[in-house]
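# Working through the structure, step by step
Here is how the chains run, residue by residue.
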Amino acid sequence: MSMSLKKTLLSQRAAGLAPLSVGRLAATARERGAVDLASGVPLGNPPEAVLTAATAAMRAGRNQYAPAAGSPQLRAVVAERLSRDRAVVVDPEHEVTITSGATEGVLAALLACVDPGDEVLVPEPWFESYPGAVRLVGAVPRPVPLTLGDWRLDTDVIRAAITPRTRAILLNTPHNPTGRVFSAAEIAALMEICVRRDIVCITDEVYDSFVFGRCEMTSPLDLPSAREHVVAVGSFSKSLQMSGWRLGYCVAPPALSAGLRRVVERTTVCAPTPLQEGAAAVSAASSGAENFRATRDAMVERLAGAGLELFHPEGGWFVWSRIDRVTPLPAAEFAVRLLDEAGVLVAPGPAFFDDPRDGSRWIRTSFIRDPEIMDQGMKRLENFLRTAAW
Ligand SMILES: Cc1ncc(COP(=O)(O)O)c(C=O)c1O
């Protein structure tokens, strides 16, 4: 009786959201004390200056609502950082909106740009939260597969997926899960399509301070002629190691920013005031790619040594590996066996695809780990692959 009542009370929107798969497995892994190589959680704490400024703001009575656009100081820091690190000029007053993490940033951007029944292109494999976010706003996610193995944006595939209902593309660079940093040429080709077809590019750039080697961070924001069609979403979660503070931002042209701010006013009102003041205390990203180059290289080398085929990550926090040379099991089953028998958690591929079967040969691991933890996890994984009876 109560079950059927619950069923009817739940909206189709909520009922249609599957639990996030990595979260579910991670709970089991935590209970068992397994080595978690799957999730992307920052290792350390925010810089001392940030902690001091946030607590000082609380003590000084800065505990009430902030403007929906966000604290002017934090917006200025966002603009300063984009200008200094990426030579992107934005007006903090009219083009920057502070959000509760990139997660709210993406949702607010979708709510501001997309109507129910519209279609949103999402490069695939994708960050697991995206299709649910698109469905929450009543729109339809349309997968646009990246080229297999080298994970490039394929403009023919993108063009073919566009319909009269296409309103946006949800890009992510550096890319989770593949580690791709899309090139200037790929971004330019994509934005030419967006401008011509009047499609908004919502670009999630939460890993913009994690780009390795000779690769350069390129963003649709870099193209002045496309700026009217870009909402760039950023986050302090990764760059200042404060994923629990829920601070992010959107950069968009003034008219879109005004819409975004009206959405924020009606969802969260504003991001937490004293935490915004804390985050404004430092303008630099505190932990960049260099801090994790060694663990990235070690993880890549060991996964390849164990027989997995992988893309050498150019940015972000993850290695995306193909497992079918080392096991006959599909990825979901492989991940459960690995957790049960070796005490190691990896993220199985199906959650990153529209059709879960397309992910059955792939797993994602994160190299944002203490070197000893990574070593322990990799030893267990290597041993499992040497000894497993399939
Ligand atoms: C691609 C991508 N976007 C957004 C997020 C979430 O960012 P935030 O903590 O700012 O909501 C993550 C976190 O893993 C991510 O990988």
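Between helix 7 (residues 101–113) and helix 11 (residues 254–267), the shortest axis-to-axis distance is 9 Å and the interhelical angle comes to 115 degrees. With respect to the hand of their crossing, helix 7 and helix 11 are arranged in right-handed fashion. For the pair helix 7 and helix 11, contact is made by Glu104, Ala108, Ala109, Leu111, Ala112 and Cys113 and by Leu256, Gly259, Leu260, Val263, Val264 and Thr267, respectively.

Time to look at the domain arrangement of the protein chain. For the protein chain, the assigned domains are domain 1 (9–39 + 288–387) and domain 2 (48–279). Averaged C-alpha coordinates put domain 1 and domain 2 at centres separated by 25 Å. Listed per partner, the contact involves 29 residues of domain 1 and 28 residues of domain 2. In this assembly, domain 1 packs against domain 2 so that about 2600 Å² is buried in total across both faces, 63% of it on carbon and sulfur atoms. Ranking the residues of domain 1 by area buried against domain 2 places Phe311, Glu314 and Trp317 at the top, with a combined share of 23%. Summed over the shared surface of domain 1 and domain 2, the result is 1 salt bridge. Among the ionic pairs, Glu314 bridges to Arg180, the shortest N-O distance being 3.0 Å. Summed over the shared surface of domain 1 and domain 2, the result is 11 residue pairs in polar contact (both at pLDDT 80 or more). Ranked by the residues each element gives to the side of domain 1 that touches domain 2, the list is headed by strand 10 (residues 318–322), at 3 residues. For the side of domain 1 that touches domain 2, the per-class residue count stands at 17 nonpolar, 4 polar and 8 charged.

What follows is about the environment of Gly138. Within the secondary structure, Gly138 sits in the loop between helix 8 (129–136) and strand 4 (140–145). On the basis of relative accessible area, Gly138 is assigned to the partly exposed category, the value being 35%. Linking Gly138 and Leu110, residues 28 residues apart in sequence, is a C-alpha distance of 9.8 Å. Apart from the residues lying within four places of it in its own chain, the contact partners of Gly138 are Pro116 and Gly117.

The residue Ala306 is located in the loop between helix 13 (293–305) and strand 9 (309–310) in this model. Separated by 240 residues in sequence, Ala306 and Ala66 have C-alpha atoms that sit 51 Å apart. Apart from residues lying up to four places away in sequence, Ala306 is in contact with Val326, Glu382 and Leu385.

Parameters and conventions
- Numbering of residues starts from 1 in every chain and runs along the sequence as written.
- Reporting of local features is limited, given that this is a predicted model, to residues whose pLDDT is at least 70; pairs of side-chain atoms are given and counted only at 80 or more, and all residues count toward the totals for whole chains, interfaces and linings.
- The side-chain values count all of the structure's non-hydrogen atoms but skip hydrogen atoms and water molecules.
- Helix axes are fitted to C-alpha atoms over the stretch in contact, other axes to C-alpha atoms as well, and angles between N-to-C directions run from 0 to 180 degrees.
- Helical segments are the DSSP runs of H or I of at least four residues, strand segments are the runs of E of at least two, and each set is numbered from the N terminus.
- Definitions for this section: a left-handed crossing has its near helix turned counterclockwise from the far helix by less than a right angle. A right-handed crossing has that turn clockwise.
- Here, residues are in contact when the closest pair of their heavy atoms is within 4.5 Å.
- For every domain, the bounds stem from an assignment made automatically or drawn from a database.
- Note: buried area is the sum, over both parts, of the accessible area (probe 1.4 Å) each one loses when the two are combined.
- Only one rule defines a salt bridge in this text: a Lys or Arg side-chain nitrogen within 4 Å of an Asp or Glu carboxyl oxygen.
- Distance and chemistry together define a polar contact, namely a pair of N or O atoms within 3.5 Å, with one atom able to donate a hydrogen and the other to accept it when in protein, and with adjacent residues in sequence counting only for side-chain atoms on both sides.
- For this classification, the nonpolar set comprises Ala, Val, Leu, Ile, Met, Phe, Trp, Tyr, Cys and Pro, the charged set comprises Asp, Glu, Lys and Arg, and every other residue, Gly included, is treated as polar.
- Buried means the residue's accessible area, taken with a 1.4 Å probe over protein chains only, is under 20% of the maximum for its type, while exposed means over 50%, and partly exposed covers the values in between.

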